[in-house]
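Observations on the model geometry
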Amino acid sequence: MTASGGRTGGPVSAGGPDPRPDASRPGPGPAGRGATATAAEIGAAEGPRAPMELRTAEAERSAEVERAAEEERTAGAERTAEELRAADVERAVEQALALVGRQAQAAHLPPDRSDETGGSARPDGPARPDGSARPDGSARPDGSARPAGSARTGGPARPARPAPPAAPGESPSPNGARSGAPVPPGRPPTAPLTSTPAHRARATPWSEARALAERLGRAAPRAAHRLPLDRSLGHVLAEAVVALTDLPSFDTSAMDGWVVAGPGPWNVRDGEGLLAGRGTAEPLPDGEAVRIATGARIPVDATAVIRSEHARTDVAKGMLHGTREVVPGQDIRPRGQECRSGDLLLPVGTLVTPPVLGLAAAAGYDALVAVPRPRVDVLVLGDELLTGGLPHDGLIRDALGPMLGPWLRSLGAEVTGTRRLGDDADALREALTTSDADLILTTGGTAAGPVDHVHPVLAGTGAELLVDGVAVRPGHPMLLARLADGGPYLVGLPGNPLAAVSGLLTLAEPLLRGIAGRLPQDAYRAPVREAVQGHPHDTRLVPVVHHTDSVVALHYNGPAMLRGIAAADGLAVVPPGGVRSGTEVEILDLPWASATPWTEGCFT
């Protein structure tokens, strides 16, 4: 018998000939043997082969499924390749910027101040694409535990717990969950590049976050106090300014010249004439003229004032002639021309500017009832920040401390002080719990790195987190909270400079406007001169400068850059996906206009 169970030759079995039409067929042995076999022999041969064939068929089916899965993954990768490349570039740039100043800290890994990605930064490069734990075993930015089997500081690694298998076309996330995203060929599984799913789920849309900050500011209780005029500038009126008298309160001359009565020519009255600030003038009979100064009181029965340059005098005859037609009432400011007593001059909510002070003084006011300026504490966080000199040894200059105070004052706030706390959780906790400000502004520390203390300290003090992340770039990890027991509001700004500006305009500015009683900015839109790239999912704020009938997006608009915003007079609100040339976008005005002729060439 052969190895397969068939025989090489011999008589037909006792069972007789095979009843099938073709009773003979090539034997199962090697080719060339030319032997025939009976049905029984064939059955005997097929018996042990059947399991092997089943296994072969099952393997073929598995291979087909695997090929289909691979094709699906490849197709999905092609659909998302462009977005992945764009996100990779954004992540690499922002994480590289976030690492500045952190490499010198041997005891800690750098915090996640990438501002945009939600991935953890490593000292030697960008975040691990598979979401694995950091070398020190610390928690990841999304708050999840170390992957099973990762090394712990001071202890052995635990055995890994196998994660559930991923379905075809589905990539495993770092915590074992299925992300549902196809994996490009040759690319390791990765968490979402823009942010973790949990962070994206709680990120507030940009327009909603800004509207909430404005509502909270308007709902804040506001006291009112009476301020002398010289201390009222920049405040907002809590009481309307009503005319206390007619303005002007008597008929006055609008020009230097001659006041006349009746038709000319006129006899010139002797004397020094009428001057401003003097008492009531004697009545002026028809046919007479008298010199008058600007602001002087008009005599009773006077007809008009003739400007000096429009009059000619005949000294010998003592007569005055007009060189132009004289119209009754010309160059006379009648009593009540500007307002009558009781008229509303300035409503509640008016910002006190220098002209407002002048009007109030003209109307007889010595003081104004205004809303107090909101008091703001600025807390600058980060051990890597220098207050002077050139950057060195991984340390960088603090750009936010010098910038935020003046910016906040332009919004009507009173900055009580700028304190630099470094990365000290205890100092931050003390500063928050002892502040008597209306708003606390922090810079940096809003992500989830090992020295990002804002979230833990807020939780430890019982603060209410109102906004935890906003769907905007730059500035994604900004936050808004209310400290416990009716304490002040807190706006946490990201540490990157332009990202901090984004947080300032998104949360702090509308909140402060409401607390200060200021009216919101008038929303308006303007077309962009050229196409502006957007973020795949989030709103994007881009520095722009106005040019004639459009706005031009400026270069140097990365999260850590200030060169673009320094030349801008506004920020364009670019929706997800970007806009084409000529598309109108919302514009956020800045409190100044720094655009100059060199701007377009250097920054656009």
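The model shown is predicted, which means the values in this text are computed figures rather than measured ones.

Conventions used here
Residues numbered from 1 in each chain as written. Predicted model: local features only at pLDDT ≥ 70, side-chain atom pairs only at ≥ 80, totals over all residues. Heavy atoms only, no water. Helix = DSSP H or I, 4+ residues; strand = E, 2+ residues; numbered from the N terminus. Buried < 20%, exposed > 50% of the residue type's maximum accessible area, 1.4 Å probe, protein only. Areas by Shrake-Rupley, 256 points an atom, 1.4 Å probe, with all protein chains shown as cover. Phe/Tyr/Trp six-rings, centres within 6.5 Å; stacked < 30°, edge-to-face > 60°. Lys NZ or Arg CZ within 6 Å of the ring centre and 35° of its normal. pLDDT = per-residue confidence, 0-100. Contact = heavy atoms within 4.5 Å. 1 Å grid on protein atoms, 1.4 Å probe; cavity = no way out; pocket = protein on both sides within 12 Å on 5 of 7 lines; lining within 4 Å. Points joined across faces, edges and corners; volume = space filled by probe spheres on them. Nonpolar A, V, L, I, M, F, W, Y, C, P; charged D, E, K, R; others polar. Pairing = 2+ DSSP bridges. Axes fitted to C-alpha atoms, helices over the stretch in contact; angles between N-to-C directions. Core = buried A, V, L, I, M, F, W, Y, C linked by side-chain atoms within 4.5 Å. Salt bridge = Lys/Arg side-chain N within 4 Å of Asp/Glu carboxyl O. Polar contact = N/O pair within 3.5 Å; in protein donor to acceptor, adjacent residues only side chain to side chain. Parallel < 35°, antiparallel > 145°, perpendicular 65-115°, else oblique. Left-handed = near helix turned anticlockwise from the far one by under 90°.

Before going further, it helps to examine the overall build of the protein. In terms of regular secondary structure, the protein is built from 10 helices and 28 strands. Looking at the protein as a whole, 43% of its 604 residues are labelled buried. Of the roughly 30300 Å² of accessible surface on the protein, a fraction of 54% belongs to carbon and sulfur atoms.

Turning next to the packing of aromatic side chains. The tally for this structure, following the rule as stated, stands at zero aromatic pairs. Of note, R482 hangs over the ring of Y489, and the distance from its end group to the ring centre comes to 4.4 Å. Over the aromatic face of Y556 sits the side chain of R563, whose NZ or CZ is 4.1 Å from the ring centroid.

Our next topic: the confidence of the model for the protein. In the predicted model, the protein carries a mean pLDDT of 75, and 66% of its residues have values of at least 70. The low-confidence segment residues 1-50 (pLDDT under 50) makes 28 contacts with residues lying over four places distant or belonging to another chain. In the model, residues 594-603 has pLDDT below 50 throughout and makes 22 contacts with residues more than four positions away in sequence or in other chains.

Moving on: empty space enclosed by the protein. This structure, assessed with the given rule, holds three cavities of 30 Å³ or more. One number sums up the size of the second largest cavity: a volume of about 40 Å³. In terms of lining, the second largest cavity is formed by L381, G422, D423, D424, A425, L428, V451 and H453. Of the residues belonging to the lining of the second largest cavity, the class tally is four nonpolar, two polar and two charged.

A word on the sheet that holds strand β8 (residues 288-292). If you trace the six strands from one edge of the open sheet to the other, you get β9-β6-β8-β7-β11-β10, paired in mixed fashion. The open sheet has two edge strands with one neighbour each: β9 (304-307) and β10 (311-314). Strand after strand, the sheet turns through a mean of 35 degrees between neighbouring axes, direction not considered. The sheet contact formed by β10 and strand β11 (residues 319-322) spans four bridges and is antiparallel. Within the sheet, the bridge partner assigned to D314 lies in β11 and is M319.

Grouped together as the largest cluster of nonpolar side chains are 47 residues, with contacts concentrated most on L408, L441, L480, V491 and L511. Here this core gets 10 residues from one element, more than from any other, and that element is helix α8 (residues 497-516). Excluding its chain neighbours within four sequence positions, the residues that come into contact with L511 are A213, L216, G217, L439, L480, Y489 and V491. If you look at the next biggest cluster of nonpolar residues, it comprises 15 residues, including L421, L428, L432 and V454.

It is worth spelling out the pattern of salt bridges at this point. The final tally for this structure, using the stated rule, is 12 salt bridges. A salt bridge links E214 to R218; the shortest N-O distance between them is 3.8 Å. One end of the pair is E214 and the other is R218, both in helix α3 (residues 206-219) and four residues apart, which spans about a single turn. Residue class for E214 comes out partly exposed when judged on its relative accessible area of 26%. Notably, a salt bridge pairs D398 with R420, separated by 2.8 Å at the nearest N-O pair. Pair noted here: D398 is in the loop between β17 (396-397) and α5 (400-410) and R420 is in strand β18 (residues 414-420), with a separation of 22 residues, a long-range link. Since its relative accessible area comes to 6%, D398 is described here as buried. Salt bridges here are not isolated pairs; linked through shared partners, they connect R210, E509 and R513.

Looking at the secondary structure, you find T506 in helix α8. Side chain to side chain, T506 and W206 meet in a polar contact 2.9 Å long. Within the structure, T506 has its side chain in polar contact with the backbone oxygen of S502 (distance 2.7 Å). Not counting the four nearest positions on each side in its chain, T506 is found in contact with W206, A209, R210, A213, V470, M478 and L541.

A few words now on the environment of P328. Mapped onto the secondary structure, P328 falls in the loop between β11 and β12 (332-333). The spacing of P328 and P263 is 65 residues in sequence and 9.5 Å in space, taken between C-alpha atoms. Not counting residues within four places of it along the chain, the set of residues in contact with P328 comprises T303 and A304.

Next up on the list: unusual backbone geometry. Cis rather than trans, the peptide bond between L247 and P248 has omega equal to -10 degrees. Inspection of the secondary structure puts P248 in the loop between β4 (241-242) and β5 (252-253). For the bond from G264 to P265, the omega torsion is -5 degrees, close enough to zero to count as cis. Structurally, the position occupied by P265 is in the loop between β6 (257-260) and β7 (266-268). Located in the positive-phi region is T548, a residue other than glycine, with phi close to 55 degrees. Tracing the chain through its elements places T548 in the loop between β25 (539-547) and β26 (550-553).

The subject of this paragraph is the packing of α3 against α8. At a closest axis distance of 7 Å, the pairing of α3 and α8 adopts a crossing angle of 25 degrees. Judged by the inter-axis angle, α3 sits roughly parallel to α8. Classified by chirality, the crossing of α8 by α3 is right-handed. Every residue of α8 that contacts α3 at W206, A209, R210, A213, E214, L216, G217 and R218 is listed here: L505, T506, L507, E509, P510, L511, R513, G514 and I515. When the residues that make up the contact of α3 with α8 are grouped by side-chain class, the tally is nine nonpolar, three polar and five charged.

Attention shifts here to the sheet that holds strand β3 (residues 236-237). Think of a sheet as strands paired side by side through backbone hydrogen bonds, with each pair either parallel or antiparallel. What the three strands build is an open sheet, ordered β2-β14-β3; its pairing is antiparallel. The open sheet has two edge strands, β2 (225-228) and β3, and neither has a second partner. By the bridge criterion, two bridges tie β3 to strand β14 (residues 367-371) in an arrangement that is antiparallel. Following the sheet pairing, L237 is matched in β14 by A370.

In helix packing, the relevant descriptors are the interaxial angle and the interaxial distance, both defined with respect to the helix axes. Between α5 and α8, the shortest axis-to-axis distance is 12 Å and the interhelical angle comes to 25 degrees. The angle between the axes of α5 and α8 places the two elements in the roughly parallel class. Of the two elements, α5 crosses α8, and the hand of that crossing is right-handed. Across the interface between the two elements, L400, M403, L404, W407 and L408 from α5 touch P497, A500, V501, L504, L505 and L512 from α8. Partitioned by chemical class, the residues of the contact of α5 with α8 number 11 nonpolar, no polar and no charged.

This part covers the environment of D301. Inspection of the secondary structure puts D301 in the loop between β8 and β9. Once the C-alpha coordinates of D301 and V260 are considered, the two residues, 41 residues apart in sequence, prove to be 9.0 Å apart.

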